[in-house]
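What follows is each chain in one-letter form.
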Amino acid sequence: MAFYIVQFLTGLASAASLFLVASGLSIIFGVTRIVNFAHGAFYMLGAYVAFTLTERFSGAFGFWGGIVVAALAVAAIGVLVEMVLLRRIYHSPELFQLLATFGLTLMVEDLVVLIWGPDDLVGRRAPGFKGAIDFFGQNIPSYDLFLIVLGPVVLGVLWLLFQRTRWGVLVRAATQDRDMVAALGVNQKWLFTSVFALGVFLAALGGALQIPRDAVNHAMDLRVIVEVFVVVVIGGLGSIIGAFVAAVLVSELNAFGILIFPKISIILVFLVMAVVLIVRPWGLFGKPEAPARRTPGLTVNPWRPLTMNERLAAIAVLVVAAALPFVAGNYVLTVGSEIAIFVIFAVSLHFLMSVGGLASFGHAAYFGLGAYGVALLAKMAGLPMIACLLLGPLLGLLGAAVFGFFAVQLSGVYFAMLTLAFAQIVWSIAFQWVSVTGGDNGILGVWPEKWAASPSHFYWLSLGIAALAVVILRIIVFSPFGFALRATRDSPLRSEAVGINGKRIQWTAFVIAGTVAGLAGALFAYLKGSVFPDNMGISLSVDALVMVLLGGVETVSGAVVGAIVYKALNIWLVSQTDWSKLVLGGFVVLIVVAFPKGIVGTLEAFLHRRRKSSSAASPVLTSRIETAE
Amino acid sequence: MKLTVKDLNSFYGPAHILFDIALEVGEGEVVALLGRNGAGKSTTFRSIVGLVENRSGRVMFEGRDVSELPTHAIVRGGLGYVPEERRIFTDLTVEENLEVGRQPKRPGAPQWDRDKLFKLFPNLGEMRGRPGGRMSGGEQQMLTIARTLMGNPSLVLLDEPSEGLSPKIVEQMVDAILAMKKEGVSIVVSEQNLHFARLISDRAYIIERGRICFGGTMAELDARPDIRDAHLSL
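Everything numeric in this text was worked out from a predicted model, so none of it was measured.

Engineer: What's the story with the overall build of chain A in this structure? I'm lost.
Structural biologist: Counting secondary structure elements, chain A contains 27 helices and four strands. Relative to the 2.2 N^0.38 estimate, which gives 25 Å for 629 residues, the radius of gyration of chain A is 25 Å and therefore close to what a compact globule would have. Looking at chain A alone, contacts between residues at least 24 apart form 80% of all its contacts between residues at least 6 apart.

Okay, structure coming up:
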């Protein structure tokens, strides 16, 4: 019995830090409507800075002072980020905000390695809380007891701040209607900045307080951000009480899950989250959200199929690409195959995002499922390659059918967070289920058969499938199904009013996108000859998002160009620098801020303007559509 | 002049909504902006306080050009705005809603505080702790006006204050607006209801399809039934 109580208390102690970080994320989202992906990075920075300060200054004053100063210093960095970066993108679609803050996360990950080195750092114990208390023969670290008390204290302070101060009243008002707050004479800019500073302060404090319990390392940001997403989704975005209850719930699930179901401890939390989302999609303490703002794919220039000339041009480009093996060597052909595979992957996400208006942050899950599908079929069942290529993606289809069913019940940031969480489940399974997936060691020796083994043959195979995927997806865009999907994207209410079953249409789109991504993964497994859990990791999901963004969200097939440019740049970059995350993160932030239309989108806008000025066509029709909103 | 608007043009996306709007409001005057649904009344107000991003023209308030200022700065200068959709903070109590609107005292402008407003709107005084979401439409309308008055404005833009209210509440609204006028607040009130406008206004403008097509005293408007019938639905 005593053992279980101690386990319970350990869970409560872990909940304290989680609550600090989650409440910060919730407060920031409430007012600015930005889901701050970089929140984990601020948590990690808090831990690193506190480590340095507490090592440098001795004594109790040095320790506690170091922790508070670290949180304040990171909050100051947060203010800088808000003023320089976020102020430019408050009115952008959610996707851009998520991506920009994710780019920031990537940069911070490399920066901390640059400054503090790649090794784990073990911090000091807290002065005054070094010992343990005996509880019926079980030891409870006294620092844990301190944290258990701290959680509710912080909750109480935040409650007072929001209920009893003018600042708190303004923040709560802005959470509901920020334009009205401005129309009453309140300067939103500083309100947003102060809210962001408070949120980052809480995250950094959460990180700093972890140093007596855990080693500081450069991967703690992603670990915590996934947990925090789960907490805020369960508790309800924007609710501080919700963050507290959900933090306790998640921490206890972790503490007991490892005792009761050691095999599935990682996915237990996600299962609970899925249940909560089905019963209350806005979380236990959240409120139903107003429909999302402008979805990413919404566009003023209507889409149209290619003209005959454009079709001929596309075929010409394909013929030129197919001629590559006659001039290029094996290395270039392998790179070419990889690019073709990522074209398939990117267009599948583009289909879901731009046509379906659903920005998935976990699309790599279906890519990885396709890859694992092939690897398992080839290694365990020993099926021939053609059969594997046809059946492997079915695992992606299956995953998309199951997860997609839940995911399309939500929209906007909730959709993004849920897809990310699902991808983490799939990743965890691949990582933990060693007997089947080989865990971290992956599955090796998945080689193509003789007819496809040579680089040129494999290149043609990849190119052919990529061309097929692009054409099929384009046909779907301009099919009745595609119209219904776009109608649902642009106005869920109106499309429902004309009899479209929006959820089912979106679910179908999700399954199509997942299957095509699975196909890309299947080819990828053969290209590399192996599969690893990283084939479904977050960074791969983000790669896909960047490709789509780079090509142009508002275009029909911009992802093709985005994938080619991005993948080529990426392969080149990794060979050139050790700090690829830093460069990549900076690149992501730069496109979001300076280049939000992407390559193809910018070109289209340019051509559109030229056509308009030459023919002087009146924009009456589009303006009518705009005013109708 | 308290407020002078000149050559105001506004756009939503590529659509041109307001065309060369010109308005004048004198010190302590109540001016009605009349027009049908969709004529551009709300857009005019939103453009004056800077809530429409794409606009051009000049807005002079108390002799100062405010057309380049952000919304909060315009409002802080003493130009209050009461939106059409009320936009009460539903999670906040009556007193908290008023707190959001509170601004420092402004020399030369009529001054308001909670107690004075509760006298003007007695209903609100009886429900100080009630969340805005649990009030009737009429009470919410009172609260939006009170909330804007907490900023001690010298001029208020009132967007369709009588819309959707019962006749009895409309009567109270007339009294409240006349009381505001007596305190010295200049008011521009947008209306579809000529009868309501007549009870409170000194002068009127008529707006139709984004253009001002009449401006004059209420007596001048009454002398032109042709204009009234062409541009207002009665």
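Engineer: Explain the interface of chain B and chain A here, please?
Structural biologist: Many authors give the size of an interface as the accessible area that is lost as the parts come together. Across the boundary between the two partners, chain B contributes 25 residues, which contact 22 residues of chain A. Put simply, the parts of the chain that give the side of chain B that touches chain A at least two residues each are helix 2 (71-76), helix 3 (94-101) and helix 6 (137-149) of chain B. Looking at side-chain class alone, the side of chain B that touches chain A contains 11 nonpolar, eight polar and six charged residues.

Engineer: What exactly am I supposed to notice about the sheet that holds strand 3 (residues 30-34) of chain B here?
Structural biologist: Two modes of strand pairing occur in sheets, parallel and antiparallel, and in both the strands are linked by backbone hydrogen bonds. Residue and element names in this part refer to chain B. Spatially, six strands are ordered 6-7-8-3-9-10 in an open sheet, and the strand pairing comes out mixed. The open sheet terminates on both sides in strands that have one partner only, identified here as strand 6 (79-82) and strand 10 (211-217). The average undirected angle you get between the axes of adjacent strands in this sheet is 15°. Sheet analysis places strand 6 next to strand 7 (residues 155-159), joined by four bridges and oriented parallel. Looking at strand 7, one finds that Val82 is bridged to Leu158. Packed onto the sheet, helix 6 meets strand 6 and strand 7 and runs at close to 165° relative to strand 6.

Engineer: Whenever I open this one, the domain arrangement of chain A confuses me. Can you help?
Structural biologist: Residue and element names in this part refer to chain A. Taken domain by domain, chain A comprises domain 1 (2-279) and domain 2 (313-611). With 31 residues of domain 1 at the contact, the number on the domain 2 side is 32 residues. Secondary structure elements with two or more residues in the side of domain 1 that touches domain 2: helix 3 (59-89), helix 4 (94-116), helix 9 (220-235) and helix 11 (265-279). No other element matches helix 4, which puts 14 residues into the side of domain 1 that touches domain 2. Of the residues contributing to the side of domain 1 that touches domain 2, the split by class is 25 nonpolar, two polar and four charged.

Engineer: Explain helix 8 (residues 188-208) of chain A to me, please; I cannot follow it from the model alone.
Structural biologist: Three or four residues apart is the spacing at which side chains of an α-helix point the same way, because the helix has 3.6 residues per turn. With 21 residues, helix 8 of chain A should cover 30 Å at 1.5 Å per step; its first-to-last C-alpha distance of 30 Å lies within 8% of that length. A large share of helix 8 of chain A lies buried, amounting to 15 of its 21 residues.

Engineer: Any chance you could explain the sheet that holds strand 2 (residues 15-25) of chain B here in plain terms?
Structural biologist: Residue and element names in this part refer to chain B. Sheet architecture is open: four strands sit in the order 2-1-4-5, paired in antiparallel fashion. Each of the sheet's edge strands pairs with one partner strand only, and the pair in question is strand 2 and strand 5 (64-65). As paired strands, strand 4 (residues 55-61) and strand 5 are joined by two bridges and run antiparallel to one another. The partner of Met60 across the bridge, within strand 5, is Asp65. Sitting on the sheet, helix 1 (residues 41-48) touches strand 1 (3-12), strand 2 and strand 4, and the angle it makes with strand 2 is about 75°.

Engineer: Could you clarify how one ought to interpret the environment of Leu34 of chain B in this entry?
Structural biologist: Residues and elements named next belong to chain B. Its place among the elements puts Leu34 in strand 3. Residues Leu34 and Ala197, 163 residues apart in the sequence, show an inter-C-alpha distance of 8.2 Å. With sequence-adjacent residues up to four places away left out, Leu34 is seen in contact with Glu191, Leu194, Ala197, Ala204, Tyr205, Ile206 and Leu232.

Engineer: Would you take a moment to explain the packing of helix 15 (residues 385-407) of chain A against helix 16 (residues 412-432) of chain A for this structure?
Structural biologist: All names here are of chain A. Their axes nearest at 10 Å, the elements helix 15 and helix 16 cross at an angle of 145°. Considering the relative orientation of helix 15 and helix 16, their crossing is right-handed. Note on element contacts: helix 16 touches helix 15 through Phe415, Leu418, Thr419, Phe422 and Val426, opposite Gly399, Phe403, Phe406 and Ala407.

Engineer: Mind showing me how you'd approach the environment of Leu117 of chain B here?
Structural biologist: Secondary-structure assignment places Leu117 of chain B in helix 4 (residues 114-120). When the C-alpha atoms of Leu117 of chain B and Val30 of chain B are compared, they prove to be 20 Å apart, with 87 residues separating the residues in sequence.

Engineer: Honestly, the confidence of the model for chain B in this entry has me stumped. Any pointers?
Structural biologist: In low-pLDDT segments, the atomic positions of the prediction should not be examined closely. On average, residues of chain B score 91 in pLDDT, and 99% of them reach the 70 mark or higher. Confidence estimates for the predicted assembly give a pTM of 0.85 and an ipTM of 0.91.

Engineer: I'm lost on the pairing of strand 2 (residues 138-141) of chain A in this one. Help?
Structural biologist: All names here are of chain A. When strand 1 (residues 132-135) meets strand 2, the two strands line up antiparallel, connected through four bridges. Opposite Asp134, over in strand 2, you have Asn139 as the bridge partner. With antiparallel pairing between neighbouring strands as the criterion, strand 1 and strand 2 make up a hairpin whose turn holds two residues, including Phe136 at a positive phi of roughly 45°.

Engineer: What should I look at first to understand the confidence of the model for chain A in this one?
Structural biologist: Across chain A, pLDDT averages 87, with 94% of residues at or above 70. Residue range residues 616-629 of chain A is modelled with pLDDT below 50. Its contacts to residues more than four positions away, or to other chains, number 13 contacts.

The rules behind the values
- Once a new chain begins, its residue numbering starts again from 1 and follows that chain's sequence as written.
- Labels are handed out in written order, letters beginning with A for the chains and numbers beginning with 1 for the ligands.
- For a predicted model such as this one, the threshold for reporting local features is a pLDDT of at least 70, and the threshold for listing and counting side-chain atom pairs is 80 or more; totals across whole chains, interfaces and linings nevertheless cover every residue.
- The way it works is that DSSP assigns letters per residue, a run of H or I at least four long becomes a helix, a run of E at least two long becomes a strand, and they are numbered from the N terminus.
- Based on C-alpha atoms, the radius of gyration is set beside the globule rule, defined as 2.2 Å times the residue count to the power 0.38.
- We call two residues in contact whenever the C-beta atoms placed from their backbones are within 7 Å.
- Basically, the charged four are Asp, Glu, Lys and Arg, the nonpolar ten are Ala, Val, Leu, Ile, Met, Phe, Trp, Tyr, Cys and Pro, and anything else, Gly included, counts as polar.
- Two strands make a pair as long as DSSP finds a minimum of two bridges between them.
- Angular values range over 0 to 180 degrees, each being the angle between N-to-C directions of two axes fitted as lines to C-alpha atoms, with helices fitted over their stretch in contact.
- As used throughout, domain bounds are those supplied by an automatic or database domain assignment.
- Helix span, expected: 1.5 Å multiplied by one less than the number of residues in the helix.
- Residues with at least 20 other C-beta atoms within 10 Å of their own are called buried, those with 12 or fewer are called exposed, and the rest are partly exposed. The C-beta atoms themselves are positioned from the backbone.
- For any pair of crossing helices, the crossing counts as left-handed if the nearer helix is rotated counterclockwise from the farther one by less than a right angle, and right-handed if it is rotated clockwise.
- Values of pLDDT, ranging from 0 to 100, describe the predictor's confidence in every residue of the model.

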